[in-house]
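# Commentary on secondary and tertiary structure
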Amino acid sequence: MSEPARQQAQREQTAARVMARADELAAISETPGALTRVYLSPQHLQANQQVAQWMREAGMTVWQDSVGNICGRYEGEQEGAPAILLGSHLDTVRNAGRYDGMLGVLTAIEVVQALHQQGRRLAKAIEIVGFCDEEGTRFGITLLGSRGLTGTWPASWLAQTDGEGISVSEAMLQAGLDPAQISLAARRQEEIAAYLELHIEQGPCLEQAELALGVVEAINGARRLNCCFTGEAGHAGTVPMSHRKDALAAAAEWMMQIEAMTREHGGNLVATVGTLRCAPGAVNVIPGEVSLSLDIRGPHNEPLDALLNALLAQAQAIAARRHMQFRADEFYRIAATPCDSGLQAVLRDAVQTVQGRSLTLPSGAGHDAIAIAERWPVGMLFVRCKGGISHHPAESVTVDDVALGIAAYAAAVGALGALG
(Lines give C-alpha, C1' and ligand atoms only; values in the text may rest on other atoms or scores of the structure.)
Protein backbone atom coordinates (compact mmCIF):
# COMPACT_ATOMS: atom_id res chain seq x y z
CA MET A 1 0.00 0.00 0.00
CA SER A 2 1.34 3.44 -0.96
CA GLU A 3 1.91 6.04 1.75
CA PRO A 4 -1.04 8.26 0.64
CA ALA A 5 -3.32 5.22 0.58
CA ARG A 6 -2.13 4.15 4.01
CA GLN A 7 -2.76 7.64 5.42
CA GLN A 8 -6.23 7.71 3.87
CA ALA A 9 -7.08 4.32 5.35
CA GLN A 10 -5.87 5.50 8.76
CA ARG A 11 -8.02 8.63 8.50
CA GLU A 12 -11.09 6.58 7.68
CA GLN A 13 -10.40 4.18 10.54
CA THR A 14 -10.03 7.07 12.98
CA ALA A 15 -13.24 8.72 11.76
CA ALA A 16 -15.10 5.43 12.00
CA ARG A 17 -14.01 5.12 15.63
CA VAL A 18 -15.39 8.61 16.33
CA MET A 19 -18.71 7.65 14.75
CA ALA A 20 -18.87 4.45 16.79
CA ARG A 21 -18.10 6.33 19.99
CA ALA A 22 -20.78 8.89 19.16
CA ASP A 23 -23.20 5.98 18.94
CA GLU A 24 -22.02 4.73 22.35
CA LEU A 25 -22.57 8.13 23.93
CA ALA A 26 -25.98 8.43 22.26
CA ALA A 27 -27.02 5.25 24.06
CA ILE A 28 -26.41 6.95 27.41
CA SER A 29 -29.78 8.66 27.71
CA GLU A 30 -32.54 9.13 30.25
CA THR A 31 -35.18 8.50 27.57
CA PRO A 32 -35.21 5.12 25.80
CA GLY A 33 -35.14 5.52 22.04
CA ALA A 34 -34.29 9.24 22.18
CA LEU A 35 -31.16 11.06 23.31
CA THR A 36 -31.62 13.29 26.36
CA ARG A 37 -28.71 13.89 28.73
CA VAL A 38 -28.86 16.81 31.14
CA TYR A 39 -26.54 18.35 33.70
CA LEU A 40 -25.67 16.17 36.72
CA SER A 41 -28.10 13.42 35.78
CA PRO A 42 -26.87 9.84 36.24
CA GLN A 43 -26.50 9.72 32.46
CA HIS A 44 -24.31 12.82 32.44
CA LEU A 45 -22.00 11.31 35.04
CA GLN A 46 -21.92 8.03 33.13
CA ALA A 47 -20.99 9.85 29.91
CA ASN A 48 -18.23 11.63 31.79
CA GLN A 49 -16.79 8.32 32.93
CA GLN A 50 -16.91 6.87 29.44
CA VAL A 51 -15.15 9.90 27.97
CA ALA A 52 -12.63 9.76 30.81
CA GLN A 53 -11.77 6.18 29.82
CA TRP A 54 -11.15 7.21 26.20
CA MET A 55 -9.00 10.11 27.37
CA ARG A 56 -6.86 7.79 29.49
CA GLU A 57 -6.44 5.42 26.56
CA ALA A 58 -5.13 8.42 24.60
CA GLY A 59 -2.42 8.97 27.21
CA MET A 60 -4.09 11.75 29.17
CA THR A 61 -4.28 12.52 32.87
CA VAL A 62 -7.99 12.85 33.67
CA TRP A 63 -10.11 14.58 36.30
CA GLN A 64 -13.66 15.80 36.81
CA ASP A 65 -13.65 19.40 38.02
CA SER A 66 -15.77 20.97 40.73
CA VAL A 67 -18.70 21.91 38.46
CA GLY A 68 -18.80 18.58 36.60
CA ASN A 69 -16.69 19.15 33.49
CA ILE A 70 -14.63 16.11 32.49
CA CYS A 71 -11.06 17.17 31.73
CA GLY A 72 -7.90 15.56 30.39
CA ARG A 73 -4.33 16.76 29.92
CA TYR A 74 -1.62 15.55 27.57
CA GLU A 75 1.61 17.04 28.84
CA GLY A 76 3.94 19.07 26.65
CA GLU A 77 7.68 18.67 26.25
CA GLN A 78 8.13 20.56 29.49
CA GLU A 79 5.84 19.77 32.42
CA GLY A 80 3.50 22.61 33.31
CA ALA A 81 3.56 24.22 29.86
CA PRO A 82 0.53 26.34 28.88
CA ALA A 83 -2.15 24.27 27.20
CA ILE A 84 -4.11 24.43 24.00
CA LEU A 85 -7.64 23.72 25.21
CA LEU A 86 -9.87 21.61 22.95
CA GLY A 87 -13.40 20.47 23.50
CA SER A 88 -17.13 20.98 23.41
CA HIS A 89 -20.13 19.89 25.47
CA LEU A 90 -21.53 16.50 26.46
CA ASP A 91 -25.02 17.60 27.55
CA THR A 92 -27.92 17.66 25.09
CA VAL A 93 -31.31 19.16 24.43
CA ARG A 94 -34.28 16.81 24.72
CA ASN A 95 -34.61 14.32 21.86
CA ALA A 96 -31.25 15.45 20.53
CA GLY A 97 -28.91 14.46 17.74
CA ARG A 98 -25.71 12.58 18.53
CA TYR A 99 -23.08 14.96 17.13
CA ASP A 100 -23.88 18.42 18.51
CA GLY A 101 -21.19 18.88 21.17
CA MET A 102 -20.04 15.29 21.31
CA LEU A 103 -18.28 15.39 17.94
CA GLY A 104 -15.99 18.14 19.22
CA VAL A 105 -14.94 16.12 22.26
CA LEU A 106 -14.43 12.85 20.38
CA THR A 107 -12.39 14.37 17.54
CA ALA A 108 -10.20 16.18 20.09
CA ILE A 109 -9.43 12.83 21.73
CA GLU A 110 -8.34 11.48 18.35
CA VAL A 111 -5.96 14.42 17.87
CA VAL A 112 -4.27 13.50 21.16
CA GLN A 113 -4.49 9.77 20.45
CA ALA A 114 -2.42 10.22 17.28
CA LEU A 115 0.29 12.11 19.16
CA HIS A 116 0.32 9.48 21.90
CA GLN A 117 0.68 6.63 19.40
CA GLN A 118 3.59 8.45 17.76
CA GLY A 119 5.21 9.18 21.13
CA ARG A 120 5.18 12.89 20.30
CA ARG A 121 4.96 15.83 22.68
CA LEU A 122 4.47 19.43 21.62
CA ALA A 123 5.93 22.58 23.12
CA LYS A 124 2.49 23.27 24.52
CA ALA A 125 0.35 20.83 26.47
CA ILE A 126 -3.05 19.81 25.13
CA GLU A 127 -6.11 19.72 27.33
CA ILE A 128 -9.57 18.48 26.44
CA VAL A 129 -12.76 19.42 28.24
CA GLY A 130 -16.18 17.86 27.92
CA PHE A 131 -18.31 20.72 29.17
CA CYS A 132 -21.04 19.67 31.54
CA ASP A 133 -23.86 22.04 30.52
CA GLU A 134 -23.88 24.23 27.45
CA GLU A 135 -27.52 23.76 26.48
CA GLY A 136 -29.19 24.76 29.75
CA THR A 137 -31.82 22.05 29.33
CA ARG A 138 -32.26 21.15 32.99
CA PHE A 139 -31.94 24.45 34.86
CA GLY A 140 -32.33 27.06 32.14
CA ILE A 141 -28.71 28.16 32.65
CA THR A 142 -26.51 28.12 29.57
CA LEU A 143 -22.70 27.86 29.38
CA LEU A 144 -22.58 26.57 32.94
CA GLY A 145 -19.53 24.38 32.35
CA SER A 146 -17.47 26.98 30.52
CA ARG A 147 -18.35 29.65 33.07
CA GLY A 148 -16.88 27.29 35.65
CA LEU A 149 -13.54 27.41 33.84
CA THR A 150 -13.59 31.18 33.47
CA GLY A 151 -14.57 31.77 37.09
CA THR A 152 -17.73 33.66 36.13
CA TRP A 153 -20.28 31.43 37.85
CA PRO A 154 -22.91 33.67 39.52
CA ALA A 155 -23.69 32.61 43.09
CA SER A 156 -27.39 32.96 42.25
CA TRP A 157 -27.18 29.92 39.97
CA LEU A 158 -27.03 27.59 42.95
CA ALA A 159 -30.65 28.38 43.85
CA GLN A 160 -31.98 27.83 40.32
CA THR A 161 -34.35 24.84 40.22
CA ASP A 162 -35.27 22.26 37.59
CA GLY A 163 -38.76 21.08 36.69
CA GLU A 164 -38.91 18.88 39.77
CA GLY A 165 -37.91 21.65 42.15
CA ILE A 166 -34.34 20.38 42.65
CA SER A 167 -31.85 23.24 42.92
CA VAL A 168 -28.44 23.32 41.30
CA SER A 169 -26.93 23.13 44.77
CA GLU A 170 -28.96 20.02 45.65
CA ALA A 171 -28.14 18.39 42.31
CA MET A 172 -24.44 18.98 42.88
CA LEU A 173 -24.58 17.37 46.31
CA GLN A 174 -26.48 14.38 44.88
CA ALA A 175 -23.75 14.01 42.24
CA GLY A 176 -20.97 14.11 44.82
CA LEU A 177 -19.91 17.69 44.08
CA ASP A 178 -19.50 20.41 46.71
CA PRO A 179 -21.26 23.71 45.88
CA ALA A 180 -18.76 25.50 48.12
CA GLN A 181 -15.91 24.38 45.85
CA ILE A 182 -17.20 25.81 42.53
CA SER A 183 -14.38 28.34 42.36
CA LEU A 184 -11.82 25.52 42.13
CA ALA A 185 -12.90 24.90 38.51
CA ALA A 186 -11.58 28.31 37.46
CA ARG A 187 -8.34 28.25 35.50
CA ARG A 188 -5.57 30.83 35.72
CA GLN A 189 -5.02 33.01 32.70
CA GLU A 190 -1.49 31.73 32.10
CA GLU A 191 -2.53 28.06 32.14
CA ILE A 192 -4.32 28.21 28.78
CA ALA A 193 -2.88 29.60 25.56
CA ALA A 194 -5.88 29.21 23.25
CA TYR A 195 -9.18 27.37 22.81
CA LEU A 196 -10.22 25.45 19.69
CA GLU A 197 -13.61 23.84 19.20
CA LEU A 198 -14.78 21.57 16.40
CA HIS A 199 -18.55 21.54 15.97
CA ILE A 200 -21.18 20.64 13.43
CA GLU A 201 -22.25 23.72 11.50
CA GLN A 202 -25.96 23.61 12.48
CA GLY A 203 -26.73 25.37 9.22
CA PRO A 204 -26.75 24.78 5.43
CA CYS A 205 -23.87 26.98 4.22
CA LEU A 206 -21.18 24.31 3.94
CA GLU A 207 -23.56 21.90 2.28
CA GLN A 208 -24.57 24.55 -0.25
CA ALA A 209 -20.91 25.33 -0.92
CA GLU A 210 -20.18 21.59 -1.29
CA LEU A 211 -17.47 21.81 1.36
CA ALA A 212 -16.88 19.56 4.35
CA LEU A 213 -15.22 22.17 6.57
CA GLY A 214 -15.38 25.86 7.31
CA VAL A 215 -13.77 28.34 9.70
CA VAL A 216 -15.92 30.43 12.03
CA GLU A 217 -15.35 34.20 11.99
CA ALA A 218 -17.61 34.96 14.95
CA ILE A 219 -20.47 33.64 17.02
CA ASN A 220 -23.47 35.80 16.27
CA GLY A 221 -24.64 38.42 18.69
CA ALA A 222 -28.38 38.65 19.19
CA ARG A 223 -31.07 41.14 20.12
CA ARG A 224 -34.63 40.09 21.00
CA LEU A 225 -37.53 42.46 21.36
CA ASN A 226 -41.23 42.41 22.11
CA CYS A 227 -42.92 44.86 19.74
CA CYS A 228 -46.44 46.21 19.45
CA PHE A 229 -48.48 48.22 16.94
CA THR A 230 -51.54 49.90 18.48
CA GLY A 231 -54.22 51.10 16.12
CA GLU A 232 -57.96 51.05 16.52
CA ALA A 233 -60.32 48.08 16.54
CA GLY A 234 -63.48 48.42 14.52
CA HIS A 235 -66.28 46.57 12.79
CA ALA A 236 -64.97 44.66 9.77
CA GLY A 237 -68.05 45.55 7.76
CA THR A 238 -68.76 49.19 8.64
CA VAL A 239 -65.38 50.95 8.79
CA PRO A 240 -64.27 52.12 5.32
CA MET A 241 -60.78 51.20 4.21
CA SER A 242 -59.74 54.86 4.15
CA HIS A 243 -60.64 55.27 7.84
CA ARG A 244 -58.98 52.18 9.24
CA LYS A 245 -56.12 51.99 11.71
CA ASP A 246 -55.43 48.30 11.17
CA ALA A 247 -52.60 47.22 13.44
CA LEU A 248 -52.16 43.92 11.61
CA ALA A 249 -51.74 45.68 8.25
CA ALA A 250 -49.04 47.86 9.83
CA ALA A 251 -47.29 44.83 11.31
CA ALA A 252 -47.47 42.99 7.99
CA GLU A 253 -45.93 45.96 6.18
CA TRP A 254 -43.14 46.08 8.75
CA MET A 255 -42.51 42.34 8.49
CA MET A 256 -41.96 42.68 4.76
CA GLN A 257 -39.56 45.56 5.42
CA ILE A 258 -37.68 43.47 8.00
CA GLU A 259 -37.05 40.81 5.38
CA ALA A 260 -36.06 43.28 2.64
CA MET A 261 -33.88 45.56 4.79
CA THR A 262 -32.02 42.65 6.39
CA ARG A 263 -31.20 41.25 2.97
CA GLU A 264 -30.02 44.68 1.82
CA HIS A 265 -27.73 45.07 4.84
CA GLY A 266 -26.02 41.73 4.06
CA GLY A 267 -23.05 40.88 6.24
CA ASN A 268 -24.55 37.55 7.38
CA LEU A 269 -27.26 39.41 9.34
CA VAL A 270 -30.53 37.56 9.94
CA ALA A 271 -33.87 38.72 11.34
CA THR A 272 -36.91 36.72 12.37
CA VAL A 273 -40.44 37.52 13.50
CA GLY A 274 -41.25 34.37 15.42
CA THR A 275 -44.49 35.23 17.21
CA LEU A 276 -47.57 37.23 16.27
CA ARG A 277 -50.70 37.89 18.33
CA CYS A 278 -53.75 39.92 17.26
CA ALA A 279 -56.28 41.56 19.55
CA PRO A 280 -59.16 41.34 19.87
CA GLY A 281 -58.67 38.36 17.55
CA ALA A 282 -62.13 38.01 16.03
CA VAL A 283 -62.87 37.23 12.40
CA ASN A 284 -65.19 40.24 12.04
CA VAL A 285 -63.11 42.84 13.94
CA ILE A 286 -60.28 44.99 12.59
CA PRO A 287 -57.20 44.21 14.71
CA GLY A 288 -56.62 47.08 17.12
CA GLU A 289 -53.38 45.80 18.59
CA VAL A 290 -50.76 43.41 17.29
CA SER A 291 -47.87 42.11 19.36
CA LEU A 292 -44.92 40.49 17.64
CA SER A 293 -41.37 39.41 18.46
CA LEU A 294 -38.19 40.39 16.68
CA ASP A 295 -34.98 38.36 16.83
CA ILE A 296 -31.97 39.72 14.94
CA ARG A 297 -28.48 38.23 14.88
CA GLY A 298 -25.14 38.90 13.27
CA PRO A 299 -21.40 38.28 13.66
CA HIS A 300 -20.47 41.93 14.33
CA ASN A 301 -22.04 44.27 16.88
CA GLU A 302 -21.98 47.57 14.98
CA PRO A 303 -23.80 46.35 11.84
CA LEU A 304 -26.21 44.46 14.08
CA ASP A 305 -27.12 47.57 16.04
CA ALA A 306 -27.32 49.63 12.87
CA LEU A 307 -29.84 47.19 11.41
CA LEU A 308 -31.86 47.18 14.62
CA ASN A 309 -32.02 50.98 14.68
CA ALA A 310 -33.04 51.08 11.02
CA LEU A 311 -35.79 48.51 11.57
CA LEU A 312 -37.18 50.34 14.58
CA ALA A 313 -37.13 53.65 12.72
CA GLN A 314 -39.01 52.02 9.87
CA ALA A 315 -41.63 50.68 12.29
CA GLN A 316 -42.12 54.15 13.76
CA ALA A 317 -42.49 55.61 10.26
CA ILE A 318 -45.10 53.01 9.31
CA ALA A 319 -47.02 53.69 12.51
CA ALA A 320 -46.92 57.46 12.02
CA ARG A 321 -48.12 57.23 8.43
CA ARG A 322 -51.00 55.01 9.52
CA HIS A 323 -51.86 57.23 12.54
CA MET A 324 -51.12 54.64 15.18
CA GLN A 325 -48.50 53.90 17.85
CA PHE A 326 -45.51 51.58 17.90
CA ARG A 327 -43.42 50.49 20.86
CA ALA A 328 -40.56 48.01 21.31
CA ASP A 329 -39.00 46.58 24.47
CA GLU A 330 -35.68 44.75 24.27
CA PHE A 331 -35.61 41.76 26.64
CA TYR A 332 -32.46 39.95 25.54
CA ARG A 333 -29.06 41.04 24.27
CA ILE A 334 -25.81 39.17 23.82
CA ALA A 335 -22.75 40.60 22.13
CA ALA A 336 -21.17 38.99 19.09
CA THR A 337 -18.12 36.92 19.95
CA PRO A 338 -15.36 37.34 17.37
CA CYS A 339 -12.96 34.45 16.89
CA ASP A 340 -9.30 35.31 17.24
CA SER A 341 -7.84 36.42 13.89
CA GLY A 342 -4.63 34.46 14.42
CA LEU A 343 -6.49 31.27 15.22
CA GLN A 344 -8.73 31.81 12.20
CA ALA A 345 -5.61 32.02 10.03
CA VAL A 346 -4.20 28.79 11.48
CA LEU A 347 -7.50 26.99 10.93
CA ARG A 348 -7.84 28.36 7.39
CA ASP A 349 -4.37 27.07 6.51
CA ALA A 350 -5.25 23.66 7.94
CA VAL A 351 -8.57 23.50 6.09
CA GLN A 352 -7.01 24.58 2.81
CA THR A 353 -4.43 21.85 3.18
CA VAL A 354 -6.99 19.07 3.58
CA GLN A 355 -9.81 20.23 1.28
CA GLY A 356 -8.22 22.67 -1.16
CA ARG A 357 -10.02 25.82 -0.08
CA SER A 358 -11.55 27.33 3.03
CA LEU A 359 -14.85 29.08 3.66
CA THR A 360 -15.27 31.61 6.47
CA LEU A 361 -18.73 31.82 8.01
CA PRO A 362 -20.47 32.92 11.20
CA SER A 363 -22.07 30.71 13.80
CA GLY A 364 -25.74 31.46 14.28
CA ALA A 365 -25.90 29.29 17.40
CA GLY A 366 -24.22 29.80 20.76
CA HIS A 367 -21.24 27.76 21.98
CA ASP A 368 -19.02 27.43 25.03
CA ALA A 369 -16.53 29.57 23.13
CA ILE A 370 -18.69 32.59 24.05
CA ALA A 371 -17.66 32.26 27.69
CA ILE A 372 -14.10 31.12 26.99
CA ALA A 373 -13.48 34.13 24.72
CA GLU A 374 -13.85 36.42 27.72
CA ARG A 375 -10.46 35.15 28.95
CA TRP A 376 -8.63 33.40 26.10
CA PRO A 377 -8.43 33.55 22.29
CA VAL A 378 -10.88 31.18 20.63
CA GLY A 379 -11.15 29.52 17.23
CA MET A 380 -13.85 27.27 15.80
CA LEU A 381 -13.90 24.70 13.02
CA PHE A 382 -17.22 23.70 11.48
CA VAL A 383 -18.04 20.31 9.96
CA ARG A 384 -20.86 20.00 7.44
CA CYS A 385 -24.09 18.45 8.69
CA LYS A 386 -26.79 17.07 6.43
CA GLY A 387 -29.49 19.60 5.68
CA GLY A 388 -28.10 21.92 8.34
CA ILE A 389 -30.19 20.00 10.87
CA SER A 390 -29.20 19.98 14.54
CA HIS A 391 -30.86 19.52 17.95
CA HIS A 392 -32.83 16.71 16.31
CA PRO A 393 -32.42 12.93 15.88
CA ALA A 394 -31.91 13.51 12.15
CA GLU A 395 -28.55 15.19 12.84
CA SER A 396 -26.08 13.57 10.45
CA VAL A 397 -22.41 13.78 9.41
CA THR A 398 -20.37 11.54 7.13
CA VAL A 399 -17.28 9.50 7.90
CA ASP A 400 -15.40 11.28 5.10
CA ASP A 401 -16.23 14.73 6.47
CA VAL A 402 -15.26 13.70 9.99
CA ALA A 403 -11.97 12.33 8.67
CA LEU A 404 -11.19 15.67 7.01
CA GLY A 405 -12.22 17.47 10.19
CA ILE A 406 -9.82 15.43 12.32
CA ALA A 407 -7.01 16.01 9.84
CA ALA A 408 -7.55 19.78 9.86
CA TYR A 409 -7.98 19.84 13.63
CA ALA A 410 -4.74 17.92 14.13
CA ALA A 411 -2.86 20.18 11.70
CA ALA A 412 -4.06 23.31 13.52
CA VAL A 413 -3.19 21.89 16.93
CA GLY A 414 0.23 20.82 15.64
CA ALA A 415 0.93 24.31 14.30
CA LEU A 416 -0.12 26.00 17.53
CA GLY A 417 1.49 23.43 19.78
CA ALA A 418 4.85 23.74 18.10
CA LEU A 419 5.10 27.37 19.20
CA GLY A 420 6.77 27.66 22.58
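Residues numbered from 1 in each chain as written. Predicted model: local features only at pLDDT ≥ 70, side-chain atom pairs only at ≥ 80, totals over all residues. Heavy atoms only, no water.

### Quick word on the UniProt feature "binding site: Zn(2+) 2" (unreviewed entry) in the chain
This chain's UniProt record puts "binding site: Zn(2+) 2" (unreviewed entry) on Asp100, Glu135 and His391. Spatial clustering of the annotated residues is evident: they stretch over 292 residues in sequence, but the largest pairwise C-alpha distance comes to 10.3 Å. Filtering the just-named annotated residues for those lining the second largest pocket gives Asp100, Glu135 and His391. Mapped onto the elements of the fold, Asp100 is located in the loop between strand S3 (83-89) and helix H3 (102-118). Checked against the element boundaries, His391 lands in the loop between strand S16 (378-383) and helix H11 (399-417). Setting aside anything within four residues of it in sequence, one finds His391 in contact with Val93, Asn95, Ala96, Gly97, Asp100, Glu135 and Gln202. Of the polar contacts made by the side chain of His391, one reaches the side chain of Glu135; its length is 3.1 Å. (UniProt positions renumbered as here; feature names shortened; annotations may be inferred. 1 Å grid on protein atoms, 1.4 Å probe; cavity = no way out; pocket = protein on both sides within 12 Å on 5 of 7 lines; lining within 4 Å. Helix = DSSP H or I, 4+ residues; strand = E, 2+ residues; numbered from the N terminus. Contact = heavy atoms within 4.5 Å. Polar contact = N/O pair within 3.5 Å; in protein donor to acceptor, adjacent residues only side chain to side chain.)

### Brief notes about the packing of helix H2 (residues 42-57) against H3
Running from N to C, H2 and H3 cross one another at 20°; their axes reach a closest spacing of 9 Å. The pairing of H2 with H3 is recorded here as roughly parallel in orientation. Where H2 crosses over H3, the two elements pack in a sense that is left-handed. Along the contact surface, H2 presents Val51, Trp54, Met55 and Glu57, while H3 presents Val105, Leu106, Ile109, Gln113 and His116. Residue composition of the contact of H2 with H3, grouped by class: six nonpolar, two polar and one charged. (Axes fitted to C-alpha atoms, helices over the stretch in contact; angles between N-to-C directions. Parallel < 35°, antiparallel > 145°, perpendicular 65-115°, else oblique. Left-handed = near helix turned anticlockwise from the far one by under 90°. Nonpolar A, V, L, I, M, F, W, Y, C, P; charged D, E, K, R; others polar.)

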